[in-house]
Structure formats: structure tokens, C-alpha cells
Amino acid sequence: MERHEQELQRAFDAQAAQFEKSPVQGDAAALQRLVAFARLPAGTRLLDAGCGPGLVAEAFLSAGHRVHGIDLSGEMVRRAQARCERFGEQASFEQGSVFDSRGAAFDAAVSRFVVHHVQDPVGFVRAVAARVRPGGAVAVCDHVTDPDPARARWHQDVERARDRSHVANLTTGGLADALAAAGLSDVSLLEEELLLDFDEWFDRGTPALPKQEVRALVLSNRARGFEPERRPDGGITIRCVRVLARGIG
């Protein structure tokens, strides 16, 4: 693995327990919408790139698909194996990088909340698509940022202050462009609102700055895809935009 991937591995080994319990990550309705959006034929053999603790894999397995997950984090893979053990041979997982991964072609692929962690989004999507047979679907889900460069820079400063593993969010159009540049066709998009609680979001990150400094930074501006709102109880709700993108290889 290259240096950035090693940093991601360490960060997500440490985050795994809180990540798995996060309401955002485990939102059953959102997971079902992702399964529906992917529009996969029954019994599809699916690659889950950046599988985390197996939440996405579990949703697709429950829908009758076969899933092979890959993740840089050994702790995430361990949790995915435990979560999906009941599915037997329908589920398999490995620790590694999709950039280094080789093997049999899959019918389709999915990746959720990974693109903003990679240094080369187009290269990542291309590497995932390379594992999918011709005509297979690739579905990518990620939260996005503002098309205004200044607001996007502020948003990325906040994200990196909260989590050192963050690289950059794409815009909605940028995510569509990444799929097209990776060679996918028939690209379709769906935007959804995503609500974060500041404290829960911060506490499961790998921060570069103290919590109070990040809180002040969060309240200093707003962007499409990252709109903080103070609550009467003193907490902060952040309204984000999550995009589901799908293309055909």
C-alpha cells in the first residue's frame, strides 16, 4: 500500500467501533434506497469497494445478492465478517486495496463514502469498474460539496480539521464527471439530504484540531452540501447532500 492508504488503514482501524454504531452509517432506509438505486438483477455477484464494517454488504446480501467486500482496514474487515457470517458462502471479505486487487470479474460493484478519502477519484472509480464485467453496473455514493470554489475550500478545511483521512469532496457534477471519465456510460444521479449531529460526527473522526476549534470553524460559514444549524439544546445539526451515482461499464 502507498502512504496515504496506510494512513487510511490506521485511521479506520481506530474509528471502526464508533463508525459501525453511527446512525448515519447504519441508516436502514438509506441503505435500502442504495440497494434500490443500484437496480441489480437477482443473485448479482457484487464487489463492495471500501466495505467498512459490512453495513452495505449486509443490505445487498439481505436483498439476495452475493457480496465480496474489500477494505484497507483489517478491523473493518473483521467486523464485516462477523456481521455477515449468517449469510455463509454468499459473503466474503478481504483486507487490501482495490488498486492492487485482481481476480475474477464481478457482475456489478458498489462503493459508499469512499471517494472523498481517495487522492485520485477517477482512478479509484476506474479501478473498481475494471473488476466488473462489460455491461455491469457501478454504483457510487458519497457526500458532496458546493460548486462555488470559496465555499468548497471552507468546507474542505472543516472536513480535514475533523478527519485527517479526508482528501476532498467532489461536487454533484464532479461525481458524475468522475464516473464518465472512468469510462462508465448511462450515468444517472440521485441527490438526498443527509443530516449529521456535530458531536457524533466529530467524535468518530480522526481530528487534526481540537473539538472546540472545529466547532467554531463549522459555525463560521456554510456551503451547499454542508449547512450547519444551531439547535435550542446547544447542539449543531449539519445539513449535507449525499449523491448516489450509477454508471454502466
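Residues numbered from 1 in each chain as written. Predicted model: local features only at pLDDT ≥ 70, side-chain atom pairs only at ≥ 80, totals over all residues. Heavy atoms only, no water.

(A) Quick look at the state of the cysteines. Following the criterion strictly, the structure yields 0 disulfides and no others. Not part of a disulfide, Cys84 finds its nearest cysteine sulfur in Cys51, a span of 8.4 Å. A relative accessible area of 2% places Cys84 in the buried class. Cys240 supplies the cysteine sulfur nearest to Cys141, a cysteine that is in no disulfide, at a spacing of 12 Å. Judged by relative accessible area, Cys141 falls into the buried class, the value being 3%. (Disulfide = S-S within 2.5 Å. Buried < 20%, exposed > 50% of the residue type's maximum accessible area, 1.4 Å probe, protein only.)

(B) Just the pairing of strand E4 (residues 106–112), in detail. Here E4 lies mainly inside the structure; 6 of its 7 residues are buried. When strand E1 (residues 45–49) meets E4, the two strands line up parallel, connected through 3 bridges. Bridge pairing in E4 places Leu47 opposite Ala109. Note on the crossover from E4 through helix H5 (residues 121–129) to strand E5 (residues 132–143): the handedness is right-handed. (Helix = DSSP H or I, 4+ residues; strand = E, 2+ residues; numbered from the N terminus. Pairing = 2+ DSSP bridges. Right-handed = clockwise from strand over helix to strand, strands pointing away.)

(C) View of empty space enclosed by the protein. Enumeration over the complete set of coordinates arrives at 2 cavities of 30 Å³ or more. For the lining of the largest cavity, the elements supplying multiple residues, two or more each, are helix H1 (3–21), helix H6 (149–162) and strand E6 (185–197). With 3 residues, the single largest contributor to the lining of the largest cavity is H1. Class assignment for the residues of the lining of the largest cavity results in 8 nonpolar, 5 polar and 4 charged. Estimated volume of the second largest cavity: approximately 40 Å³. What lines the second largest cavity is simply Ala30, Leu31, Leu34, Arg112, Phe113, Cys141, Glu192, Arg242 and Leu244. Looking at the lining of the second largest cavity, the elements with two or more residues in it are helix H2 (28–38) and strand E8 (236–248). Among the elements that line the lining of the second largest cavity, the one with the most residues is H2, at 3 residues. (1 Å grid on protein atoms, 1.4 Å probe; cavity = no way out; pocket = protein on both sides within 12 Å on 5 of 7 lines; lining within 4 Å. Points joined across faces, edges and corners; volume = space filled by probe spheres on them. Nonpolar A, V, L, I, M, F, W, Y, C, P; charged D, E, K, R; others polar.)

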